[in-house]
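# Descriptive analysis of the structure
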Amino acid sequence: MSALSDKPVRLYDTTLRDGTQGEGFQLSLLDKLRIAERLDAFGIDYIEGGWPGSNPKDVEFFQEAKKLKLSHAKLAAFGSTRRADTPVEQDPQVKLLLDAETPVVTIFGKSWEMQVTEVLRTTPEENRAMIRDTVAYLKQHGREVVYDAEHFFDGYKDSPGHALGSLQAAAEGGADCLVLCDTNGGTLPEEVMEICAIVRARIPQVPVGIHTHNDCELGVANAVAAVRGGAVQVQGTINGYGERTGNCNLTSVIPILQLKMDMEVVPDLTKLRELSYFVDDVSNNPHFARAAFVGRTAFAHKGGMHVNAVQKLARSYEHIVPQAVGNEQNILVSELSGQSNILIKAEQLGIPLDKGSAEAKAVLQKVKELENEGYSFEAAGGSLELLIRRELGRYEKTFDLKEFHTSFRQYRDGHDPVCEATVKLYVGEVPKYTVAEGRGVVNALDKALRGALEPFYPEISEVSLVDYKVRIIDSHDATAAKTRVLIVSTNGEENWGTVGVSENIIEASWIALVDGIDLFLQRHRGV
Ligand SMILES: CC(=O)SCCNC(=O)CCNC(=O)[C@H](O)C(C)(C)COP(=O)(O)OP(=O)(O)OC[C@H]1O[C@@H](n2cnc3c(N)ncnc32)[C@H](O)[C@@H]1OP(=O)(O)O
Ligand SMILES: CC(=O)C(=O)O
């Protein structure tokens, strides 16, 4: 019985090997071990850990991975066939594959005649022998052997006989799975489906797998087409990392298989988003907001019509239930909002509003006016909350600003430059005037503002800035550029974004900074 027969489709993850062939995706040994553990816990069937013939880290990975307590996944070591004119038992690459002591070994070989003659510079006969010998040798050593047929689709379209002959050689050697690779990522889904079905018919005794690349943005579509054509193993990477534009994205193909094609491939799909973020965090990459299924915007609704409809019936604009993949619905407020967006936000703040009420209309109008001036509330939930509070009278003035001043001093004697800020304000009737130095102007202003407020509101010592972003935007009359500053503040438990817009970057920063602290005070004081 085939090793692949008890599940409709087996998931083969190559994040740790092909993923690391992608620009900007590097993993330390520890990173690789941590990701392997998470892939196993998620229910991935095969984890390709690396290429031991490539570098010492991958050799060490397989040594260290023996200590992992994997509950489900099988580890695979990856490498090439023996080299031309070298007996397989003397090939150092093949020896390293055995030394990795994994239950599975994956080798790649050439399917495209042109690659055989021009890159390997050998004959098709020797190429077939390289494939057959290597697979057979690994089988003799008790390994499950996955054969990756590199450039299979290009090779098949160029010469079907040659491409099928190379697969036949792997089958004769005893391969457990023949993986058809769209190595250059240029094949279309209907070709993938048709060619997979032909291979299944010509070599029915060995299961077929699929390995696709995303050069035409078709990595996932091609994997799905292959499954339709009879493939039972899908190779890919978490978040689609990989060579050039990446590999088939497992965070998309897994929910497609499970939710759309009714194939149970993982036990708990709700952990998908967490896994996606984990791999981004470990590799120090930003999360791709627009990623299908797992991205921050995958279920974000901005247009007023959409928001109105999803409130009545979520599936009017959602193709799946977001929670099925660990994601959630997100309602955005902007100039494209209708009252429905405002009502939802207000309700989240515990301020129920009625549709058609004067308050709902006033908030909506203010949002539209401010966005027209350059404000953006999508990432500035804190400023939006203040706006709603002010419009609805759920706001208490905590201080009155009279003036602020900033300066930047550059010395000629090598002394570090100094930024200085002064702030003059009133808390009730009490005046306060402070001065502070900082690493930059915003830092100096932040310190001066806190210095003035802390004697009255000591709780603001909990608040700190975590992010500061500046964007130059066109003013609506297009005569002068405006600056939009977005600040993210935190009290260690929650983050909130505030926004300021002005033709002057310091004023824009000040508005965002003050909103950040003001919102904290409103909440803390239970206004
Ligand atoms: C489609 C894929 O993604 S396959 C995986 C590709 N990944 C990588 O290349 C990352 C890891 N690679 C490496 O660390 C290095 O390239 C190594 C250690 C494997 C080889 O390094 P070197 O020995 O210095 O060779 P180099 O990388 O310059 O060239 C590759 C050699 O492999 C040969 N080769 C290519 N494909 C195959 C194959 N399927 N079977 C056997 N040999 C092959 C090439 O012909 C070439 O040898 P040649 O110059 O004698 O013709
Ligand atoms: C094997 C592989 O990574 C490829 O053909 O793309």
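An unreviewed UniProt entry lists the protein under the name Citramalate synthase, from Luteolibacter arcticus. Annotation of the protein in UniProt includes, under Catalytic activity (unreviewed entry), the sentence "pyruvate + acetyl-CoA + H2O = (3R)-citramalate + CoA + H(+)". The record in UniProt for the protein states the following under Pathway (unreviewed entry): "Amino-acid biosynthesis; L-isoleucine biosynthesis; 2-oxobutanoate from pyruvate: step 1/3."

## Digging into the domain arrangement of the protein
Here the domain parsing of the protein yields domain 1 (10-267) and domain 2 (300-374). Here the C-alpha centre of domain 2 lies 45 Å away from the C-alpha centre of domain 1.

## Considerations on the site of ligand 2
Taken together, Arg17, Asp18, Asp148, Glu150, Cys181, Thr183, His211 and His213 make up all the residues around ligand 2. Here an oxygen atom of ligand 2 and a side-chain polar atom of Arg17 are 3.0 Å apart. With respect to ligand 2, the side chain of His213 contributes an N or O atom lying 3.1 Å from an oxygen atom. Here ligand 2 has 210 Å² of accessible area as a free molecule, and 93% of this is covered by the chains.

## Details of the site of ligand 1
Near ligand 1 there are 19 residues, and of these Gln21, Ser54, Thr81, Arg83 and Glu150 occur at the shortest range. Ser54 has a polar side-chain atom sitting 2.7 Å from an oxygen atom of ligand 1. Between an oxygen atom of ligand 1 and a side-chain N or O atom of Arg83, the distance comes to 2.4 Å. For ligand 1, the protein covers 55% of the area, taking 1,000 Å² as the surface of the free molecule.

## Some words on the packing of helix H15 (residues 381-392) against helix H17 (residues 505-524)
Helices that pack against each other are described as a pair by the angle of their axes relative to one another and the distance between those axes. Viewed as axis vectors pointing N to C, H15 and H17 meet at an angle of 60°, and their least axial separation amounts to 9 Å. It follows that H15 is oblique to H17 by the angle criterion. At the point where H15 passes H17, the crossing takes the left-handed sense. Here Gly382, Ser383, Glu385, Leu386, Arg389 and Arg390 of H15 lie close against H17, whose contacting residues are Asp515, Asp518, Leu519, Gln522 and Arg523. Partitioned by chemical class, the residues of the contact of H15 with H17 number two nonpolar, three polar and six charged.

## Details of a nonpolar patch on the surface
There is a patch of nonpolar side chains on the surface, built from Tyr468, Val470, Ile472 and Ile505 and spanning about 350 Å² of accessible area. Relative to the elements of secondary structure, Ile472 occurs in strand S14 (residues 464-474).

## Focus: the pattern of salt bridges
Pairing between side chains becomes possible if they bear opposite charge and their charged atoms approach one another. For the structure shown, the criterion picks out 29 salt bridges. The shortest N-O distance in the salt bridge between Glu274 and Arg38 comes to 3.7 Å. With a gap of 236 residues between them, Glu274 in helix H11 (residues 272-282) and Arg38 in helix H1 (residues 29-42) connect regions that are remote in the sequence. The class for Arg38 is partly exposed, based on a relative accessible area of 29%. With a closest N to O distance of 3.7 Å, Glu494 and Arg523 form a salt bridge. Taken together, the residues span a long stretch of sequence, with Glu494 in the loop between strand S15 (481-490) and strand S16 (495-502) and Arg523 in helix H17 at a distance of 29 residues. Accessibility expressed as a relative area gives 30% for Arg523, which makes it partly exposed. Where salt bridges share partners, they join Glu385, Arg389, Glu494 and Arg523 into one cluster.

## A short note on the sheet that holds strand S6 (residues 177-182)
The sheet built from eight strands closes into a barrel, its strands ordered S1-S2-S3-S4-S5-S6-S7-S8 with parallel pairing. Neighbour-to-neighbour, the strand axes of this sheet turn through a mean angle of 25°, independent of strand direction. Contacts between helix H7 (residues 160-173) and the sheet are confined to strand S4 (104-110), strand S5 (144-150) and S6, with S6 contributing the most and set at about 150° to the helix.

## Side note on the nonpolar core
Counting residues in each nonpolar core, the largest one holds 86 residues, and the members touching the most others are Phe61, Tyr147, Phe152, Leu167, Val253 and Ile254. Setting aside residues up to four positions removed in sequence, Val253 forms contacts with Val220, Ala223, Val224, Val234 and Cys248. By size, the runner-up hydrophobic cluster in this structure holds 30 residues, among which are Leu386, Cys419, Val423 and Phe520.

## Quick look at the sheet that holds strand S13 (residues 430-438)
Read from one edge to the other, the open sheet built from three strands follows the order S11-S12-S13, with strand pairing classed as antiparallel. Each having just a single partner strand, strand S11 (400-409) and S13 make up the two edges of the open sheet. Ignoring strand direction, the axes of neighbouring strands in this sheet form an average angle of 10°. Of the pairings in the sheet, the one linking S11 to strand S12 (residues 418-427) comprises nine bridges and is antiparallel in character. Across the sheet, the residue bridging to Phe404 is Val423, located in S12. Docked against the sheet, H17 engages S11 and S12, running at close to 130° with respect to S11.

## Examining the environment of Gly19
Along the chain, Gly19 turns up in the loop between strand S1 (10-13) and H1. With 165 residues separating them in the primary sequence, Gly19 and Asn184 have C-alpha atoms 15 Å apart. If we skip the residues at most four places from it in the chain, Gly19 touches Thr14, Phe25, Thr237, Tyr241 and Gly242.

Thresholds, definitions, all that
Residues numbered from 1 in each chain as written. Chains lettered and ligands numbered in written order. Predicted model: local features only at pLDDT ≥ 70, side-chain atom pairs only at ≥ 80, totals over all residues. Heavy atoms only, no water. UniProt positions renumbered as here; feature names shortened; annotations may be inferred. Domains from an automatic or database assignment. Near = heavy atom within 4 Å. Polar contact = N/O pair within 3.5 Å; in protein donor to acceptor, adjacent residues only side chain to side chain. Areas by Shrake-Rupley, 256 points an atom, 1.4 Å probe, with all protein chains shown as cover. Axes fitted to C-alpha atoms, helices over the stretch in contact; angles between N-to-C directions. Helix = DSSP H or I, 4+ residues; strand = E, 2+ residues; numbered from the N terminus. Parallel < 35°, antiparallel > 145°, perpendicular 65-115°, else oblique. Left-handed = near helix turned anticlockwise from the far one by under 90°. Contact = heavy atoms within 4.5 Å. Nonpolar A, V, L, I, M, F, W, Y, C, P; charged D, E, K, R; others polar. Patch = residues over 30% accessible without salt bridge, like charges linked within 9 Å, V, L, I, M, F, W, Y side chains within 5 Å. Salt bridge = Lys/Arg side-chain N within 4 Å of Asp/Glu carboxyl O. Buried < 20%, exposed > 50% of the residue type's maximum accessible area, 1.4 Å probe, protein only. Pairing = 2+ DSSP bridges. Core = buried A, V, L, I, M, F, W, Y, C linked by side-chain atoms within 4.5 Å.

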